[in-house]
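A structural walkthrough
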Amino acid sequence: MKEIMSANVITLNRFMMKKMLDIFQAAKQFNGSTYLYCRNRTVDAANLPKLVSFLLTIEPGTAVKIIAEGENVQEHLDGIQKICTSEISILQKSEKRFLNSSETFQI
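Before going into details, it helps to say that this report is about the structure given with it. These numbers come from a predicted model, not from an experiment. (Residues numbered from 1 in each chain as written. Predicted model: local features only at pLDDT ≥ 70, side-chain atom pairs only at ≥ 80, totals over all residues. Heavy atoms only, no water.)

**Section: the overall build of the protein chain**
Summing up its helical and strand segments, the protein chain has three helices and six strands in all. Beginning at the N terminus, the succession of helices and strands in the protein chain can be written as β-α-β-β-α-β-α-β-β. Every one of the 107 residues in the protein chain was classed for burial, and the buried ones make up 39%. A total accessible area of about 6500 Å² is found for the protein chain, and carbon and sulfur atoms account for 50% of it. (Helix = DSSP H or I, 4+ residues; strand = E, 2+ residues; numbered from the N terminus. Buried < 20%, exposed > 50% of the residue type's maximum accessible area, 1.4 Å probe, protein only. Areas by Shrake-Rupley, 256 points an atom, 1.4 Å probe, with all protein chains shown as cover.)

**Here we look at empty space enclosed by the protein**
Counted under the stated rule, the structure contains one cavity of 30 Å³ or more. In this structure, the largest cavity encloses a volume near 50 Å³. As for the largest cavity, its lining consists of ten residues, and the residues nearest its centre are Phe-15, Ile-23, Leu-36, Ile-66 and Cys-84. Among the residues forming the lining of the largest cavity, the class breakdown is ten nonpolar, no polar and no charged. (1 Å grid on protein atoms, 1.4 Å probe; cavity = no way out; pocket = protein on both sides within 12 Å on 5 of 7 lines; lining within 4 Å. Points joined across faces, edges and corners; volume = space filled by probe spheres on them. Nonpolar A, V, L, I, M, F, W, Y, C, P; charged D, E, K, R; others polar.)

**As for the packing of helix 1 (residues 17-29) against helix 2 (residues 48-56)**
Helix 2 packs onto helix 1 with a crossing angle of 135° between their chain directions and a minimal axis gap of 10 Å. The pairing of helix 1 with helix 2 is recorded here as oblique in orientation. As helix 1 packs across helix 2, the resulting crossing turns out to be right-handed. Contacts from Met-17, Met-20, Leu-21, Ile-23 and Phe-24 in helix 1 reach Leu-48, Leu-51, Val-52, Leu-55 and Leu-56 in helix 2. (Axes fitted to C-alpha atoms, helices over the stretch in contact; angles between N-to-C directions. Parallel < 35°, antiparallel > 145°, perpendicular 65-115°, else oblique. Left-handed = near helix turned anticlockwise from the far one by under 90°. Contact = heavy atoms within 4.5 Å.)

Written out as structure tokens, the structure is:
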């Protein structure tokens, strides 16, 4: 069954290119979707040019939401948070939500 989870984080420093590539690789290897949301903008983390543009515009001290949908979401979110540990600090994780495959929503 598909799950959707999110984690709210706040940036402490600007993202370095190595961290951006690590997030991109994790999103590409994940069997699902990964999105980053900040200030009414959403980006698919599996799209490298858009991910880089998005992360370059984030100022230190800005809140960012990481949203993951798929299977084994908890492991994936933990992996992305581990990648970012020197760049961001975790504020809060949300609870799991299970998706009915017949339901759809737009981000």
